[in-house]
Amino acid sequence: MTMISQDAAAPLVADEAGGLHRRSLPARFLDFIRHQPLGTVGIVMVGIVLVAGIGADWIAPYDPTANDFAAMMQSPSWAHLLGTDQFGRDILSRIIYGARTALIVGLSTAMIGGAGGLLLGVASAYFGGRLDLLVQRALDVLMAFPLIIMALAVVAAFGTGVRNVIIALTIPLIPRCARVVRSSALAIREVPYVDAARACGFSHSRIILRHMVPNVVAPFLIVVTAAVGQAILAEAALSYLGLGVQEPVPDWGLMLQGGAEEYAVTAPWIAIFPGLAIMLAVFGVNIFGDALRDALDPKLRER
Amino acid sequence: MDLQDPPGRQFHNGDPLTAADVAASLNEIAFPPKGVLSPRSDNFMMVKDITAPDPGTVVIHLKFATTAFLPALADPFNWIYEKKILDTDPHWYEQHIMGSGPFKFAGYQIGQSIKGVRNPDYYHKGLPYLDGFVGIFAPKQAVQLDAIRADRAATEFRGYPPSAIDQLKEQLDGQIKVQTSDWNCTLGAWINHKKKPFDDVRVRRALTLAIDRWGSAPGLSKIAVMHTVGSIVFPGSPLAPSKAQLETLAGFWPGINKSRAEARRLLKEAGAEGLSFELLNRNVDQPYKYLGTWLVDQWSKIGLHVTQRVVPTGPWFAALRSGDFTVGTGGSCHGIVNPPIDVQTWLPRSVSSANFGYYDDPKEIDLYDKMLHETDPTKQRADMWNFVKWVLDDQAHFIETMWWYRIVPLRSYVNGWKIGPSHYLNQDLSTIWLSPPHCGKCTAEPAPAL
């Protein structure tokens, strides 16, 4: 049995001979660049963060944690392009390494929370009935808490550190993702090929994972992309409040705490550059997410 | 010791304050009954008994003569409680405030503020000058400085680093004045001897050898209240070791490269190369968070992998007291400078409840007793040195770093306050007065009351 609509994100196009085929990934990417210039800027910004995070060991000019009291609070110069902080640490190096922390938290949160929300949302829609009712009410409870409040509660219970920050941000993401995915999955559940799969005696897990999940990928990707930005911002907020990662781990939110507050007047670069890094990274992820939504939405795509 | 207490003093509830109250309070501190915690009972280890033969006389018998007694008696933590209340409920004061000082308790909002109003019946006639005060709670240094900058607060009595004071001076040109003093507070790290491999003196010595105190002090003292490299004895005290003596202690050697090479050798010998552990730290900017960041960096220089667990003051104390930590930052602050008593902090846990190293060391107790009983200053200094060397070098029980330095800013209209070597001293505000127009209807300096 052959299923259609396995890849809703890749539309079919007609070739010269009138046959239908899927366009290659590079071709679709070029299309994206052509039609979504702002999204392309977002991709570039996200790409810079990715390169910085992955290649920090090779790119960063200095050890991000090494104290150098001979170079305390130096303004930007050729030796230290973005200046140094109160411990004489190179701010550029800390921002580059901070990208790694932001990426680890942002991507882990989005992937784990997204996967959890995807399965929960699709399963809830597929099984329906009392299970759906119970799951949705539980999600209502979780969604009643603002993201940062829920994250604060989780960190208060589990403690600080990268792992616990990821847990803290993943838990609030699951219901948000599940709610969006469920609404799409409810429509998918009613289409004939799902009935056909049931009639063929496929297991629930096979129907959910192979025939429903691929068809809710578009809204799922949009939610997950937005979640990356939210997670980076929330992680920075938690660290700023002293509830995220701890010194001397290079982290953008942490860099805004302490020294940045105390030396905002005499050494403003300590606060300005990490703030800019957070702003640009979140902005990049958000405009990329917006463009992705436009690209994946058939109605918008046809305009 | 026969202390004559003048009559006419009274508590804020109007009851007379007599020698019986003084004796009952000191007994509660020195010999706490079962179920009552008295962290400073060790200050009175030389006391045999305390009695009040009549309403105006307190008699204290000592077990042995020591120079440490009088400073211990002057410690501001020796509150005077009302005997009548203590006899009824020794825990009453844990939840209530009722003293005999210049200000009466007027209100308290958790995390916000504490208020006091003038006590018209204060025993120093004419004092206090102020009608009242409001103390604002603001743990973050930046918030405290903003409050002073905006004139929401007139002062902060703990102290700030030079970088913060320089900013205030620049922004409040002519509207701010500062007082400075050495600070009877030291800072370091407790090593929990019950956690392996920290039961091994080689590992403990490696930890202290890794720290470049001499090289870091000039820089750290600009951004933190950490200032003077010293031992566990207040540097300004006649009992403190000389610099030449200090430089013979592990971690205080003049050459940091030599120290770190020795640290690496010791770690290798102990099979603890590349050791990873967690540093428990207190979520207080000055100086704890600076200390934590600095220590982690210093330890990384000998290949150690250290992360921090930064928690609020309550959980920090709870973790230290329960032993739920490996290495933890620790400060030791005292009121009156009294090294023979102040160094009790580092006596074994069986003797000192303020010790968070969790070790037993009978020899250390012997060294301390010898020093405490010695009344000849020269010999006592030598005995103190032997004690210090044993604690910081031979056993490396504690990682001593630096002593603090107080720089207290006051709005220029605040007068009558004098800085001391401790933020526990001179805090009753009784002699503070404000220049016009901040003092309301006043027109000039108040007449001296004492």
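Residues numbered from 1 in each chain as written. Chains lettered and ligands numbered in written order. Predicted model: local features only at pLDDT ≥ 70, side-chain atom pairs only at ≥ 80, totals over all residues.

### What to know about the overall build of chain B
For step 1, the next point in the chain: A tally of helices and strands in chain B yields 14 helices and 14 strands.
For step 2, the next point in the chain: A globule of 450 residues ought to have a C-alpha radius of gyration of about 22 Å, and chain B, at 23 Å, matches this closely.
For step 3, the next point in the chain: If one aligns the C-alpha atoms of chain B with their principal axes, the spans along those axes are about 70 × 55 × 40 Å.
For step 4, the next point in the chain: Buried positions account for 42% of the 450 residues belonging to chain B.
For step 5, the next point in the chain: Residue pairs in contact within chain B that sit at least 24 positions apart in sequence constitute 69% of those at least 6 positions apart. (Helix = DSSP H or I, 4+ residues; strand = E, 2+ residues; numbered from the N terminus. Rg over C-alpha atoms; globule rule 2.2 N^0.38 Å. Buried ≥ 20, exposed ≤ 12 C-beta atoms within 10 Å, placed from the backbone. Contact = placed C-beta atoms within 7 Å.)

### What to know about the environment of A:Val122
Residue and element names in this part refer to chain A.
For step 1, the next point in the chain: As for its placement among the helices and strands, Val122 is situated in helix α4 (residues 91-127).
For step 2, the next point in the chain: Here Val122 falls in the buried class, since 26 other C-beta atoms lie within 10 Å of it.
For step 3, the next point in the chain: When the C-alpha positions of Val122 and Val213 are compared, they lie 6.9 Å apart, and in sequence the two are 91 residues distant.
For step 4, the next point in the chain: Aside from chain neighbours lying at most four places away, what touches Val122 is Val181, Ala185, Ile208, Met212, Val213 and Val216.

### As for the domain arrangement of chain B
All names here are of chain B.
For step 1, the next point in the chain: Domains assigned within chain B are domain 1 (2-94), domain 2 (103-169 + 410-434) and domain 3 (183-404).
For step 2, the next point in the chain: Each of domain 1 and domain 2 has a C-alpha centre, and these two points are 27 Å apart.
For step 3, the next point in the chain: Listed per partner, the contact involves five residues of domain 1 and six residues of domain 2.
For step 4, the next point in the chain: Looking at side-chain class alone, the side of domain 1 that touches domain 2 contains one nonpolar, three polar and one charged residues. (Domains from an automatic or database assignment. Nonpolar A, V, L, I, M, F, W, Y, C, P; charged D, E, K, R; others polar.)

### With respect to the pairing of strand β11 (residues 327-333) of chain B
Looking along a regular strand, one sees side chains alternate from face to face of the sheet.
Residue and element names in this part refer to chain B.
For step 1, the next point in the chain: Looking at chain direction, strand β7 (residues 176-191) and β11 are connected through seven bridges and run antiparallel. Within β11, the position partnered with Ala189 by the bridge is Thr329.
For step 2, the next point in the chain: Two elements, strand β9 (residues 276-282) and β11, share two bridges in a ladder whose sense is parallel. Note that in β11 the partner of Leu279 across the bridge is Val327. (Pairing = 2+ DSSP bridges.)

### A look at the sheet that holds strand β6 (residues 132-136) of chain B
All names here are of chain B.
For step 1, the next point in the chain: Reading across from one edge, β4-β5-β6 is the order of the three strands in this open sheet, with antiparallel pairing throughout. Of all the strands in the sheet, just β4 (103-109) and β6 have a single pairing partner and so form its edges. Looking at each pair of strands side by side, their axes are set apart by 15° on average, direction ignored.
For step 2, the next point in the chain: Bridge count between strand β5 (residues 113-118) and β6: five bridges; the pairing is antiparallel. By the bridge assignment, Ile114 is partnered in β6 with Gly135. (Axes fitted to C-alpha atoms, helices over the stretch in contact; angles between N-to-C directions.)

### Some thoughts on the sheet that holds β7(B)
All names here are of chain B.
For step 1, the next point in the chain: Spatial strand order, β8-β12-β7-β11-β9-β10: six strands in an open sheet with mixed pairing. The open sheet has two edge strands with one neighbour each: β8 (226-229) and β10 (305-311). With strand direction ignored, the average angle separating the axes of adjacent strands in the sheet is 35°.
For step 2, the next point in the chain: Here β7 pairs with strand β12 (residues 398-411) via twelve bridges, running antiparallel. Directly across from Trp190, in β12, lies its bridge partner Phe398.

### Description of the nonpolar core
For step 1, the next point in the chain: B:Ala206 and B:Met226 are the most contacted members of the largest nonpolar core, which has 98 residues in total.
For step 2, the next point in the chain: Setting aside residues no more than four positions away along its own chain, B:Met226 makes contact with B:Leu187, B:Leu220, B:Ser221, B:Pro287, B:Tyr290, B:Leu291, B:Thr401, B:Met402 and B:Trp404.
For step 3, the next point in the chain: A:Ala110, A:Val122, A:Met255 and A:Phe273 belong to the second-largest nonpolar core, a separate cluster that totals 84 residues. (Core = buried A, V, L, I, M, F, W, Y, C linked by C-beta atoms within 7 Å.)

### Concerning the confidence of the model for chain A
For step 1, the next point in the chain: Of all residues in chain A, 90% have pLDDT values of 70 or greater, and the mean over the chain is 84.
For step 2, the next point in the chain: Considering only residues more than four positions removed or in separate chains, one finds that residues 1-9 of chain A, a stretch of pLDDT under 50, has twelve contacts. (pLDDT = per-residue confidence, 0-100.)

### Brief notes about the confidence of the model for chain B
Residue and element names in this part refer to chain B.
For step 1, the next point in the chain: Looking at chain B as a whole, its pLDDT mean stands at 92, while 97% of the residues score no less than 70.
For step 2, the next point in the chain: The secondary structure element of chain B with the lowest average pLDDT is strand β1 (residues 2-4), at 63, and the one with the highest is helix α6 (residues 201-209), at 97.
For step 3, the next point in the chain: Reported confidences for the modelled complex are a pTM of 0.83 and an ipTM of 0.79.

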